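Working through the structure, step by step
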Amino acid sequence: MEPDVSVSKGCFVYKNASVRPPRKSGGKKRPSIATQDSILPQDILASPWYRAYQETWQRIHSKIENILRENYSRVMESVLECVVGTSSSAYSYLFPVIVLQTGINQPDHLSMFQRLSDKISDQDKLCSVVLTSTEATSVKVAIETLVGGFIQQFQEAEIRKQNCTMRSLCGAFLEHRGIKTTLAVVIPDFELFCKATLRDLVTILASYRSQLPLVLLFGVATSVSALEQLLPLKFTTRAKFHVFQTQSSVVILNNIVESVILREKIHLSGRVLQFLVEKFLFYDFSVSGFVQGLKFCLLEHFSQGKIYSLATSVDVQTILQKHEDCENIRRLPSVRRHVEMLPDCREIIALLTNDTHLGIKLETSWMPAIEEFFLHFHSALHFLYELVRELPKSPLGKQLREIYCFATVNSLSSSQEYVECRQLLMLMSKEAFFVKLSDCVDKVEDFLEQQCFSQNVQAIQKWMHNILEQCRVILREDVVGKAQEKPDSALLSVNNRFELKKMLLEKAKEQNQMSGQAGLLSECLRIVEEQILGSWLIPFTRGPPLIELFVHSDASSTRRHLIGSPRGALHQALTNPQHYFQCGCCDGNSLNCHLPDLTIAYRLHCECGRMINLFDWLQAFQSIVQDPQDDAVGEERGVSAQVQARFTRAVGELEFLGYVRSSKRKVDHVEKLTW
């Protein structure tokens, strides 16, 4: 192993720009390390795929920030109005307390309150300081943090902690009374505060209400009843509470998915999006964690090669400059499938051998076709969402993201979930069914209004109205009376019992078939399935050529990078160290003296039962690590001190990793903690 490589990711010191001899006069000034924008090399920063990734991510990130700003702006404006209103004379005898209820399991909690504090401080005559539970280990530390923060905003200068007292804050406020009229104390993690510290702190702040215009802003994650448990009774009787509530993180997630992710050129496959949503719902409810997972998916998608920048670039000739780039296009499964299905042999040969013809075909035919495919797909997706979202038990789901994840992977016509939806739709009345179809068309039109493909949009709108007109004509037909008249006239012409029996059997078969209103609804659904859902909602695996450039579908890699498996990684490292060391001497097929001591001890530990005798374990360890030439000497003098030290260290590391522990039942044994 090289001397500057460490298994434990150690740091090695080099004499570089940070530690260098003094520069001679007249020499050129070396560039500072702080001026570098990225740790990535310049060849990656200048590559087309990285520029495409950066452009896409900046656009998505700005849209997400706008959504978060809009979601929090209403509550923040209400809170800000309440903070401004606390300076009125109505609070001369009452202490104003603002409670912002955000909900549990939100790691974005602190960032939201920091943003709220900045917004309060940006207003004229308002000042705010954020006080977290980690900064309030005691009442003294909490007072020093608050006073230091307020005085620094008054004077824009540092103040010593010894001088940070409430008396000094009163003096500083009197000097700047005309500049600041309200002091807001923002406590984002109310439930995490020590009960005694919080009680003493609010009591002290309440006693200075006559001298300082203080306002308390609590961030409550559980419920408002937590205030009664933590705050003292003397304070709550003199306080006036204002309670506000923010939107849940699930609502924000749905808004991000529907407004940003499903309207970008780069799509996530159903399995990838479902994994990100499940990670959000079952792990942390963190919107920022979901956004970072989306960022990783984009980076992994574009980093696969130069050709993946075609998803955001219209200049095909600039990207396909080399023959290798054209070969990468031909290796795509969708392109290979399309070429194999072509009937013209000359066209197949030209696409496989002529790079110029491939570039022209890609620019004039395949790229417009992929844009049209996604436009039709999302139009049908919004149509289906409006059609099935209010059905009982929601077989396909209640959210647009759920239907999207299902439609990108499964064929709609052959799925059991859609069969259940179809059966429920056929139980509706004709009037309600037609109203639902009209709502579906309106939903698609609302989606198409935000698209920029004018010709395709007009064609889809016209197609939707034609289908709606066909369904209107079908539902107006009065076939129920005709279906009831035919059996009666046929029964009157029966001459014998054999003909009567035959007629009754045919009538029974007709009754088993759909007739009347159910038949009309079935005919309308058949038209919708054939002309919209079946032809437009195609799974991405059967999409047009170049579909891989627009869809990130590697769910296994995303799961492996975003959710670690420490137990599996430890087991692989201890059983097969060659996977990390990449050396021939650490071959893990057999136990030998070249393996690390921890690997040898772990393998011997796996062969033992629940209770492991340390002496037997040491003897087995010695028989492996000791050289064959020293066997005779080892038998005479027993275990050497060096081997015993190596064994003790290996056992200690296994105990630290949680594989064994000391046993109280037997002194010379350890207990195995794994199975």
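The structure contained in this document is the topic of the report that follows. Note that the structure is predicted; figures quoted are calculated from it, not measured.

**Focus: the overall build of the protein**
- Across its full length, the protein holds 31 helices and ten strands.
- Expressed as a percentage of its 675 residues, the buried residues of the protein come to 42%.
- Sequence-distant contacts, at least 24 apart, represent 71% of the contacts inside the protein between residues at least 6 apart.

**Observations concerning the sheet that holds strand β10 (residues 669-672)**
- Taking strand neighbours across the sheet as the criterion, the three strands line up as β8-β10-β9 in an open arrangement whose pairing is antiparallel. Among the strands making up the open sheet, the edge pair consists of β8 (611-613) and β9 (660-662). Ignoring strand direction, the axes of neighbouring strands in this sheet form an average angle of 35°.
- Where β8 lies against β10, three bridges are found, and the strand directions are antiparallel.

**Examining the environment of R115**
- When you line up the elements, R115 lands in helix α3 (residues 109-122).
- Accessibility expressed as a relative area gives 32% for R115, which makes it partly exposed.
- For the pair R115 and Y72, spaced 43 residues apart in sequence, the C-alpha to C-alpha distance is 9.5 Å.
- With near-sequence residues (within four places) excluded, R115 lies in contact with E65, L68, Y72 and M76.

**So, the packing of helix α9 (residues 249-259) against helix α10 (residues 270-284)**
- Remark: α9 packs on α10, axes separated minimally by 11 Å, with the N-to-C direction vectors making an angle of 165°. One element, α9, and the other, α10, form an angle in the roughly antiparallel class. Seen from above, α9 lies across α10 with right-handed handedness. Residue-level inspection shows S249, V250, L253 and V257 of α9 in contact with α10, the latter providing L273, V277, F280 and L281.
- Here the contact of α9 with α10 is composed, by residue class, of seven nonpolar, one polar and no charged.

**Thoughts on the pairing of β10**
- Here β9 pairs with β10 via three bridges, running antiparallel. When the sheet's bridge partners are listed, R661 is paired in β10 with E671.
- Here β9 folds back onto β10, and the loop between the two strands holds six residues.

**Focus on the side chain of H669**
- Within the fold, H669 resides in strand β10.
- Ignoring any residue separated from it by four or fewer positions in sequence, one finds H669 in contact with M611, I612, N613 and S663.

**Some details on the sheet that holds strand β2 (residues 126-130)**
- With parallel pairing, the five strands of this open sheet are ordered in space as β2-β3-β4-β1-β5. Either end of the sheet is taken by a strand with one partner, and the two such strands are β2 and β5 (239-245). The mean inter-strand angle of the sheet, taken between neighbouring strand axes irrespective of direction, is 20°.
- Looking at chain direction, strand β1 (residues 95-101) and strand β4 (residues 214-220) are connected through five bridges and run parallel. Bridge pairing in β4 links I98 to L217.
- Those strands touched by helix α6 (residues 195-207) are β1, β3 (182-187) and β4, and its axis lies near 155° from that of β4.

**As for the packing of aromatic side chains**
- Tallying each qualifying case throughout the model produces 17 aromatic pairs.
- Each ring, one from F190 and one from F218, has its centre 4.7 Å from the other, and the planes form 45°; the classification is tilted. Separated by 28 residues along the polypeptide, F190 in the loop between β3 and α6 and F218 in strand β4 bring together distant segments of the chain.
- Owing to a relative accessible area of 0%, F218 belongs among the buried residues under this scheme.
- These aromatic residues form a ring-pair network of at least three members: F373, F374, F377, Y404, F540 and F550.

**Re the pattern of salt bridges**
- One pass over the full model with this rule turns up 17 salt bridges.
- Across the pair E264 and R59 runs a salt bridge, and its minimum N-O distance is 2.9 Å. Of the two residues, E264 is situated in the loop between α9 and β6 (267-268) and R59 in helix α2 (residues 48-85); the sequence distance between them amounts to 205 residues.
- Judged by relative accessible area, which is 5%, E264 ranks as buried.
- The partner of E529 in a salt bridge is R422, with the nearest N and O atoms 2.7 Å apart. Of this pair, E529 sits in helix α23 (residues 517-536) while R422 sits in helix α18 (residues 416-425), placing them 107 residues apart in sequence. An identical accessibility class is assigned to E529 and R422; each is buried.
- What emerges from the salt-bridge pattern is a single network uniting R59, K63 and E264.

**Brief notes about the nonpolar core**
- If you look at the biggest cluster of nonpolar residues, it comprises 128 residues, and the most contacted ones within it are F290, I329 and F383.
- When near neighbours in sequence (up to four residues on either side) are disregarded, F383 contacts L437, C440, V441, V444, M464, V528, I532 and L533.
- Counting 42 residues, the second-largest nonpolar core is a separate cluster that includes V97, C127, L146 and A172.

What counts and what doesn't
- Residues numbered from 1 in each chain as written.
- Predicted model: local features only at pLDDT ≥ 70, side-chain atom pairs only at ≥ 80, totals over all residues.
- Heavy atoms only, no water.
- Helix = DSSP H or I, 4+ residues; strand = E, 2+ residues; numbered from the N terminus.
- Buried < 20%, exposed > 50% of the residue type's maximum accessible area, 1.4 Å probe, protein only.
- Contact = heavy atoms within 4.5 Å.
- Pairing = 2+ DSSP bridges.
- Axes fitted to C-alpha atoms, helices over the stretch in contact; angles between N-to-C directions.
- Parallel < 35°, antiparallel > 145°, perpendicular 65-115°, else oblique.
- Left-handed = near helix turned anticlockwise from the far one by under 90°.
- Nonpolar A, V, L, I, M, F, W, Y, C, P; charged D, E, K, R; others polar.
- Phe/Tyr/Trp six-rings, centres within 6.5 Å; stacked < 30°, edge-to-face > 60°.
- Salt bridge = Lys/Arg side-chain N within 4 Å of Asp/Glu carboxyl O.
- Core = buried A, V, L, I, M, F, W, Y, C linked by side-chain atoms within 4.5 Å.

These results come straight from atomic positions and should not be treated as a statement about function.
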